[in-house]
Amino acid sequence: QVRLVESGGRMVQPGGSLRLSCAASGSISSINGMGWYRQAPGRQRDFIAHISSGGGTNHADSVKGRFTISRDNAKNTVYLQMNSLKPEDTAVYYCNAYFLRFGTRTDVWGQGTQVTVSS
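1. What about the overall build of the protein chain?
Along its length, the protein chain carries zero helices and 11 strands. Beginning at the N terminus, the succession of helices and strands in the protein chain can be written as β-β-β-β-β-β-β-β-β-β-β. C-alpha extents for the protein chain along the principal axes are approximately 45 × 30 × 25 Å. Within the protein chain, the proportion of its 119 residues that are buried is 40%. Considering only residue pairs separated by 6 or more positions, the protein chain has 52% of its internal contacts joining residues 24 or more positions apart. Looking at the protein chain as shown, the accessible area adds up to about 6400 Å², and 47% of this sits on carbon and sulfur atoms. Side-chain charges of the protein chain comprise 13 positive and 7 negative groups, with the mean position of each set lying 4 Å from the other.

2. Structural notes on the nonpolar core
Leu 4, Met 34, Trp 36, Leu 80, Met 82 and Tyr 93 are the most contacted members of the largest nonpolar core, which totals 29 residues. When residues of this core are traced back to their parent elements, those giving at least two are strand 1 (2-7), strand 3 (18-26), strand 4 (33-39), strand 5 (46-52), strand 7 (67-72), strand 8 (77-82), strand 9 (91-101) and strand 11 (113-117). Look past the residues within four positions of Leu 80 in its chain and what remains in contact with it is Leu 18, Arg 19, Leu 20, Trp 36, Ile 48, Ala 49, Phe 67, Thr 68, Ile 69 and Tyr 93.

3. Side note on the pairing of strand 11
Burial along strand 11 is one-sided: the face carrying Thr 113, Val 115 and Val 117 is buried and the face carrying Gln 114 and Thr 116 is not. In terms of strand pairing, strand 2 (residues 11-12) meets strand 11 through two bridges, oriented parallel. Bridging across to strand 11, Val 12 finds its partner in Val 117. As paired strands, strand 9 and strand 11 are joined by three bridges and run antiparallel to one another. In the strand pairing of strand 11, Tyr 93 is matched with Thr 113.

4. Description of the pattern of salt bridges
Using the criterion set out here, one finds four salt bridges in the structure. Salt-bridge contacts for Asp 89 lead to Arg 66; the nearest nitrogen and oxygen are separated by 2.7 Å. One end of the pair, Asp 89, is in the loop between strand 8 and strand 9; the other, Arg 66, is in the loop between strand 6 (57-59) and strand 7, with 23 residues separating them in the sequence. The shortest N-O distance in the salt bridge between Asp 107 and Arg 105 comes to 2.9 Å. For Asp 107, a relative accessible area of 32% gives the class partly exposed. Linked by salt bridges that have partners in common, Arg 38, Arg 66 and Asp 89 make up one network.

5. Topic: the sheet that holds strand 7
Read from one edge to the other, the open sheet built from four strands follows the order 1-3-8-7, with strand pairing classed as antiparallel. At either end of the open sheet lies a strand with only one pairing partner, and these are strand 1 and strand 7. Within the sheet, the average angular offset between the axes of one strand and its neighbour, ignoring direction, is 20 degrees. Direction of pairing for strand 7 relative to strand 8: antiparallel, over a ladder of six bridges. Its bridge partner being in strand 8, Ile 69 is matched across the sheet by Leu 80.

Basis of the calculations
- Residues numbered from 1 in each chain as written.
- Predicted model: local features only at pLDDT ≥ 70, side-chain atom pairs only at ≥ 80, totals over all residues.
- Heavy atoms only, no water.
- Helix = DSSP H or I, 4+ residues; strand = E, 2+ residues; numbered from the N terminus.
- Buried < 20%, exposed > 50% of the residue type's maximum accessible area, 1.4 Å probe, protein only.
- Contact = heavy atoms within 4.5 Å.
- Areas by Shrake-Rupley, 256 points an atom, 1.4 Å probe, with all protein chains shown as cover.
- Lys, Arg positive; Asp, Glu negative; His and termini not counted.
- Charge placed at Lys NZ, Arg CZ, Asp CG, Glu CD.
- Core = buried A, V, L, I, M, F, W, Y, C linked by side-chain atoms within 4.5 Å.
- Pairing = 2+ DSSP bridges.
- Salt bridge = Lys/Arg side-chain N within 4 Å of Asp/Glu carboxyl O.
- Axes fitted to C-alpha atoms, helices over the stretch in contact; angles between N-to-C directions.

See below:
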């Protein structure tokens, strides 16, 4: 069992910065990768960024150059640094962890944290 708890979401002005945190607890040694997704009202949940157990990262084209995923293994925490925020970044941001076993992927989600970009 893995539990994910996000924090750091709030209202910020356009052009501002924000750092989201995702603290993982439980059977974290079994995690193959973690990531961030977001969901705006009336829209599907979209991929934002991923970090593998080996530390490799990738980001969605919509946030490349503005958002950066990272992790602190000592704190069992993954971060999403968000710079140059735009109103269209407004969404609920979800942390994700997944496990790969015998060709099957199992996902775990956090409860989400609201980010609002508005003047």
